[in-house]
Amino acid sequence: MPLHIVRNDITTMKVDAIVNAANESLLGGGGVDGAIHRAAGPELLAECRGLGGCKTGQAKITRGYRLPAKYVIHAVGPVWQGGGHGERELLAGAYRASLELALANGCQAVAFPLISAGAYGYPKDRALKTAVDVIGDFLLAHDMTVYLVIFDRAAFSIGEKLFADIAAYIDDRYVEEHTDRREEQYRRAMAFAAEAPPLCTSACPSVPGSLDEALGRLDESFSQMLLRKIDEKGMTDAQCYKKANIDRKLFSKIRSDTHYRPSKPTAMAFAVALELPLDEARELLEKAGFAFSHASKFDIIVEYFIARRNYDIFAINEALFAFDQSLLGG
Ligand code: AR6
């Protein structure tokens, strides 16, 4: 089940469990910790008092009291000390421990803040990357819906270099699309068409004689091509839809309906999950009635990653998010 990156106040999330970015005492503090305790009421602190604290890189669970969420999972992330003190492993540990607790308590939907990325000073882009890596790995093996709740806009600014690269790529594509060169090409094509012999009519073998005949020549559908490519890649259905960040129910719909028309983000998510080269990704999109458009930032970003054979859907979604686009899959 998918990972969603959302901008929200975590205390309002209607999920089974929200995760708190706590400290080792588990006795409250500022930031998201303070907000959660205020919203849950004093009973939360009373329960926390009985837990005997929690080590960095680990997590403990309590009830949610006045929160919409049934549980609070208190995770303790590391204080950033420059990166050479095992911070990444400790942060990854805090996410993993929280996910395991959620699983053990039957949670189907969990919301995380960006642990350590506030008072603890962990650089936001690295904190986001670690969160996405660990949650992504976990979701490949388990059915759960995970929300990564980001409070402030700056947290989305992904690694500076990647961001600048994509921005330049988008600019280039826009420039290409809006220069006269295209108009010139169009004029030349029209001139050529004027000189070309007339198009063949019903005598041509490739032109169907009747509508029935035309409909009888239906090509392979999106669903058929998708299932064929899954087999060719030696993937299982579950591996494919999980990698595409697509819900199992949606996948079964596509599987059972040969003529299912997916949305463009869904079709693109499958192209990424199947790790298709750009020409095959275009072909799959076409089956769903779409094309990569250079008039859309969304399309340009996805194309940018596919062209570089970077098929990490979570990295693509980080980039889409950074440019205020909707996400793939999910
Ligand atoms: N909803 C979602 N995210 C939030 C919210 C909210 N309501 N409020 C803040 N954030 P921090 P840490 C984001 O400082 O770095 C506490 O005092 C915030 O923008 O809450 O792990 C504890 O008791 C940031 O991106 O946690 C510890 O002593 C992220 O949540 C210490 O701070 C985490 O920021 C833990 O520091």
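Just so you know, these numbers come straight off a predicted model, no measurement behind them.

1. Notes on the packing of aromatic side chains
One pair of aromatic rings is described through two measures. These are the centre distance and the angle between the planes.
Okay, so step 1: Summed over the entire model, instances satisfying the criterion amount to six aromatic pairs.
Okay, so step 2: Arranged with centres 6.0 Å apart and planes meeting at 55°, the rings of Phe-251 and Phe-270 form a pair that is tilted. Of this pair, Phe-251 sits in helix α10 (residues 248-256) while Phe-270 sits in helix α11 (residues 264-273), and the two are 19 residues apart along the sequence. Across the pair, exposure class does not vary: Phe-251 and Phe-270 are buried alike.
Okay, so step 3: Positioned over the ring face of Tyr-304 is Arg-308, at 3.9 Å from the centre of the ring.

2. Concerning helix α3 (residues 87-104)
Okay, so step 1: Compared with the 26 Å implied by 1.5 Å per residue over 18 residues, the 26 Å span of α3 between its first and last C-alpha is a close match.
Okay, so step 2: Of all the residues in α3, the buried ones are Glu-87, Leu-91, Ala-92, Gly-93, Ala-94, Tyr-95, Ser-98, Leu-99 and Ala-102.
Okay, so step 3: Contacts made by the buried residues of α3 are with β2 (17-22), β3 (59-63), β4 (71-76), β5 (109-112), α4 (124-141) and β6 (145-150).
Okay, so step 4: Positioned one or two residues after α3, Gly-106 has a phi angle of 70°, which is positive.

3. Looking at the nonpolar core
Okay, so step 1: Counting residues in each nonpolar core, the largest one holds 79 residues, and the members touching the most others are Tyr-95, Phe-112, Leu-148, Phe-270, Val-302 and Leu-328.
Okay, so step 2: Discounting residues that sit within four places of it in the chain, Leu-328 has contacts with Asn-245, Pro-265, Met-268, Ala-269, Val-272, Phe-298, Val-302, Ile-313, Ile-316, Asn-317 and Leu-320.
Okay, so step 3: Ile-36, Leu-44, Leu-67 and Val-149 belong to the second-largest nonpolar core, a separate cluster that totals 14 residues.

What counts, and at which threshold
- Residues numbered from 1 in each chain as written.
- Predicted model: local features only at pLDDT ≥ 70, side-chain atom pairs only at ≥ 80, totals over all residues.
- Heavy atoms only, no water.
- Phe/Tyr/Trp six-rings, centres within 6.5 Å; stacked < 30°, edge-to-face > 60°.
- Helix = DSSP H or I, 4+ residues; strand = E, 2+ residues; numbered from the N terminus.
- Buried < 20%, exposed > 50% of the residue type's maximum accessible area, 1.4 Å probe, protein only.
- Lys NZ or Arg CZ within 6 Å of the ring centre and 35° of its normal.
- Expected span 1.5 Å × (residues − 1).
- Contact = heavy atoms within 4.5 Å.
- Core = buried A, V, L, I, M, F, W, Y, C linked by side-chain atoms within 4.5 Å.

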